[in-house]
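# Understanding the architecture of this molecule
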Amino acid sequence: MKHLLPIVITMLLAAFSASARDCHDRRPPRSPYFVADNKVFFEGHGIEGASASSFEILRDGYAKDAWSVYFCGEKIADASSSSFRSLGYGYAKDSWKVYYNGVGLDGASPDSFKVLSDWYAKDTWAVYYDGMKIDGASPDSFKVLKHGYAKDTWSTYYYGRKID
């Protein structure tokens, strides 16, 4: 029984982590966006002002039309539709800003921003996990390992938290 406790705790943490993500992880595999009769819908509710003729469903809850960008059916203010792209793991960017689950990441550089894996990402100046900056992590040497672990020259991280 004593040996099963770490396994049970790990499974519970993984289940909680998966359920805590935003709409793009809770939804079924089909897209919650739908275009019909010159209207755009998200989970059964109309999206006011969305252009059905230019509407494009991206991934991770993102979509765009010729003028606007949306996350989970809500318009993202000031996002540039022409340069917007979804990067995976909830991250996205346009020419001016980086986003995580539809919210801008302050200070992140769209020019150098790249998604690594397992919700880790980095730009020239910082490393991020699950949309949060990891204080003190070195982007130059940062590597994602597996099972939530990552490292840089000085430290090891587990799900974005420094552990050594």
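The structure contained in this document is the topic of the report that follows. (Residues numbered from 1 in each chain as written. Predicted model: local features only at pLDDT ≥ 70, side-chain atom pairs only at ≥ 80, totals over all residues. Heavy atoms only, no water.)

### Description of the overall build of the chain
We count it as follows: For the purposes of this entry, the term helix denotes a DSSP run of H or I that reaches at least four residues, the term strand denotes a run of E that reaches at least two, and both are numbered from the N terminus. The cut-offs for exposure are 20% and 50% of the maximum accessible area for each residue type, with area from a 1.4 Å probe on protein chains only; residues under the lower value are buried, those over the upper are exposed, and the others partly exposed. Two residues qualify as a contact provided that any one of their heavy atoms is within 4.5 Å of a heavy atom in the partner residue. Methods summary: accessible areas were calculated by the Shrake-Rupley approach with a probe of 1.4 Å, and residue burial reflects only the protein chains presented.
A tally of helices and strands in the chain yields 2 helices and 19 strands. Among the 164 residues that make up the chain, the fraction classed as buried is 41%. Within the chain, contacts between residues at least 6 apart in sequence are counted, and of these 31% link residues at least 24 apart. As displayed, the chain has an accessible area near 10200 Å², and 55% of this comes from carbon and sulfur atoms.

### So, the side chain of Ser138
Tracing the chain through its elements places Ser138 in the loop between strand S15 (132–133) and strand S16 (143–144). On the accessibility criterion, Ser138 (13% relative accessible area) is buried. Contacts of Ser138, omitting those with residues within four sequence positions, involve Val127, Asp152 and Trp154.

### Things to note about the sheet that holds strand S18 (residues 156–158)
For clarity, the threshold we go by: A pair of strands counts as paired when DSSP detects no fewer than two bridges linking them.
Reading across the sheet, the 4 strands line up as S16-S17-S18-S19 and stay open at both edges, with antiparallel pairing between neighbours. Both edges of this open sheet fall to S16 and strand S19 (161–162), since each of them pairs with a single strand only. Bridge count for strand S17 (residues 149–151) against S18 is 3 bridges, and the pairing is antiparallel. Looking across to S18, one finds that Ala150 is bridged to Tyr157.

### Section: the nonpolar core
The line we're drawing: The nonpolar core is taken to be a set of buried Ala, Val, Leu, Ile, Met, Phe, Trp, Tyr and Cys residues, with the residues joined through side-chain atoms within 4.5 Å.
Core analysis: the largest hydrophobic core is formed by 18 residues, its most contacted members being Tyr33, Ile47, Phe55, Tyr62, Ile76, Phe84 and Tyr99. Ranked by residues supplied to this core, first place goes to strand S6 (residues 69–71) with 3 residues. Aside from chain neighbours lying at most four places away, what touches Ile76 is Tyr62, Val69, Tyr70, Phe71, Tyr99 and Gly102. Counting 10 residues, the second-largest nonpolar core is a separate cluster that includes Leu87, Leu105, Ala108 and Ala121.

### Regarding a nonpolar patch on the surface
Heads up, the rule is: Patches here are clusters of residues that have more than 30% relative accessible area and form no salt bridge, with a 9 Å joining cutoff for like charges and a 5 Å cutoff for nonpolar side chains (Val, Leu, Ile, Met, Phe, Trp, Tyr). A carboxyl oxygen of Asp or Glu within 4 Å of a side-chain nitrogen of Lys or Arg is what we treat as a salt bridge.
The grouping of Leu145, Tyr149 and Ile163 at the surface amounts to a nonpolar patch, some 270 Å² of accessible area in total. Mapped onto the elements of the fold, Tyr149 is located in strand S17.

### Some thoughts on the environment of Val103
Structurally, Val103 is set in strand S11 (residues 103–104). As for Val103 and Ala92, which are separated by 11 residues in sequence, their C-alpha atoms are 9.5 Å apart.

### Topic: the side chain of Ser155
Here Ser155 shows up in the loop between S17 and S18. Once residues lying within four places of it in the same chain are set aside, the contact partners of Ser155 are Ala150, Lys162 and Asp164.

### Things to note about the packing of aromatic side chains
Worth spelling out the cut-off: Pairing of aromatic rings covers Phe, Tyr and Trp, the last counted by its six-membered ring, and requires centre-to-centre distances within 6.5 Å; plane angles under 30 degrees mean stacked, over 60 mean edge-to-face, and any other angle means tilted.
For the structure shown, the criterion picks out 16 aromatic pairs. Ring geometry for Tyr62 and Phe84: centres 5.3 Å apart, planes at 55 degrees, overall tilted. Of this pair, Tyr62 sits in strand S5 (residues 62–64) while Phe84 sits in the loop between strand S7 (74–75) and strand S8 (85–88), placing them 22 residues apart in sequence. Taken individually, Tyr62 and Phe84 each receive the classification buried, so the pair is uniform in this respect. A connected cluster of aromatic rings, assembled from ring pairs, spans Tyr120, Tyr129, Phe142, Tyr149, Tyr157, Tyr158 and Tyr159.

### A closer look at the pairing of strand S2 (residues 39–42)
Only one face of S2 is buried: it carries Val40 and Phe42, and the other face, with Lys39 and Phe41, is open. Taken together, the 4 bridges between strand S1 (residues 33–36) and S2 define a ladder with antiparallel strand orientation. Across the sheet, the residue bridging to Phe34 is Phe41, located in S2. Two successive antiparallel strands, S1 and S2, enclose a turn made up of 2 residues, where Asp37 displays a positive phi of approximately 50 degrees. Two successive antiparallel strands, S2 and strand S3 (residues 45–46), enclose a turn made up of 2 residues, where Glu43 displays a positive phi of approximately 45 degrees.

Read these as geometric descriptors, not functional statements.
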